[in-house]
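Below, each chain spelled out in residue letters.
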Amino acid sequence: MENSSNNRKLSRRQFITITASIPACLAVLTPMTLLGGTLYPPKSLMPAPPKMAVIKEVDLQDEPVEFVYDGAPAMLFKREDEMIAFSRVCTHLGCIVLWNAEGQQFECPCHGGIFNANGDVVEGPPPKPLLKLATWLEEGVVMAQLKEV
């Protein structure tokens, strides 16, 4: 009995095809790898989120303050001795959430998502809480910056 692997021979054409395909694959994959590193650089090469002045501390009242952070609407709250700020962009599909002062919650008018006063999802389709902005005082001015994830 003959072994079936002995019956299968590699023709010259098959050998050349296989041998030529290896450099061809490398010629395609190498630039793609380099391009991927350019399109999605590591976090260490990403620019830091911008710092932004929101309001003077003396002008800060108990009412929430609406402002625009890096092109997106945001809201600043003063709670006792603490300041807290959130992006108003819904984490579901990017709609702009509205603040409901009576219910003390953010509501997405598009898809019914509801976030509590801490930005956490209460109900609806949003997969994550609202983005929280770091806040601090700098020379009498409230500053905001996106927290590094």
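First, a word on scope: everything that follows refers to the structure included in this document.

Analysis parameters
- Residues numbered from 1 in each chain as written.
- Predicted model: local features only at pLDDT ≥ 70, side-chain atom pairs only at ≥ 80, totals over all residues.
- Heavy atoms only, no water.
- Helix = DSSP H or I, 4+ residues; strand = E, 2+ residues; numbered from the N terminus.
- Rg over C-alpha atoms; globule rule 2.2 N^0.38 Å.
- Buried < 20%, exposed > 50% of the residue type's maximum accessible area, 1.4 Å probe, protein only.
- Contact = heavy atoms within 4.5 Å.
- Pairing = 2+ DSSP bridges.
- Axes fitted to C-alpha atoms, helices over the stretch in contact; angles between N-to-C directions.
- Polar contact = N/O pair within 3.5 Å; in protein donor to acceptor, adjacent residues only side chain to side chain.

### Remarks on the overall build of the protein
Next, step 1: Looking only at helices and strands, one finds two helices and ten strands in the protein.
Next, step 2: Taken against the 2.2 N^0.38 rule, which gives 15 Å for 149 residues, the C-alpha radius of gyration of the protein at 28 Å runs more than 25% over that of a compact globule.
Next, step 3: When the backbone C-alpha atoms are referred to their principal axes, the protein occupies close to 90 × 35 × 25 Å.
Next, step 4: Looking at the 149 residues of the protein, the share that counts as buried comes to 26%.
Next, step 5: For the protein, the proportion of contacts with a sequence separation of at least 24, taken over those separated by at least 6, is 38%.

### A closer look at unusual backbone geometry
Next, step 1: A positive phi angle is found at D70, which is not glycine, with a value near 50 degrees.
Next, step 2: Position of D70 relative to the elements: it lies in the loop between β2 (65-69) and β3 (72-79).
Next, step 3: In this structure, Q104 takes a positive phi of about 55 degrees despite not being glycine.
Next, step 4: Relative to the helices and strands, Q104 resides in the loop between β5 (98-100) and β6 (105-107).

### A look at the sheet that holds β5
What holds strands together in a sheet is hydrogen bonding between their backbones, with the strands either parallel or antiparallel.
Next, step 1: One open sheet holds the four strands; their spatial order is β5-β6-β7-β8, and the pairing between them is antiparallel. The sheet terminates laterally at β5 and β8 (121-123), the two strands that pair on one side only. Averaged over all pairs of adjacent strands, the angle between strand axes in this sheet comes to 35 degrees, irrespective of strand direction.

### Comments concerning the environment of I114
Next, step 1: Tracing the backbone through its elements, the reader meets I114 in strand β7 (residues 114-116).
Next, step 2: Residue I114 is classed as buried on the basis of its relative accessible area of 16%.
Next, step 3: Apart from residues no more than four positions distant in its own chain, I114 is found in contact with Q105, F106, E107, D120, V121, V122 and E123.

### What about the side chain of R88?
Next, step 1: Position of R88 relative to the elements: it lies in the loop between β4 (82-87) and β5.
Next, step 2: Owing to a relative accessible area of 8%, R88 belongs among the buried residues under this scheme.
Next, step 3: At a separation of 3.2 Å, a polar atom in the side chain of R88 contacts the side chain of E66.
Next, step 4: For R88, the contacting residues outside a window of four places in its chain are E66, P73, A74, M75, C95, I96, V97, L98 and F106.

### Here's the deal with the sheet that holds strand β9 (residues 132-138)
Next, step 1: Ordered in space as β1-β10-β9-β4-β3-β2, the six strands form an open sheet in which the pairing is antiparallel. Edge positions in the sheet fall to β1 (52-56) and β2, since each has one partner strand and no second. Across the sheet, the mean angle from the axis of one strand to that of its neighbour is 35 degrees, orientation sign disregarded.
Next, step 2: Inspection of the sheet shows β4 paired to β9 by two bridges, in the antiparallel sense. Bridge pairing links A85 to L133 in β9.

In short, shape yes, function no, at least from these values alone.
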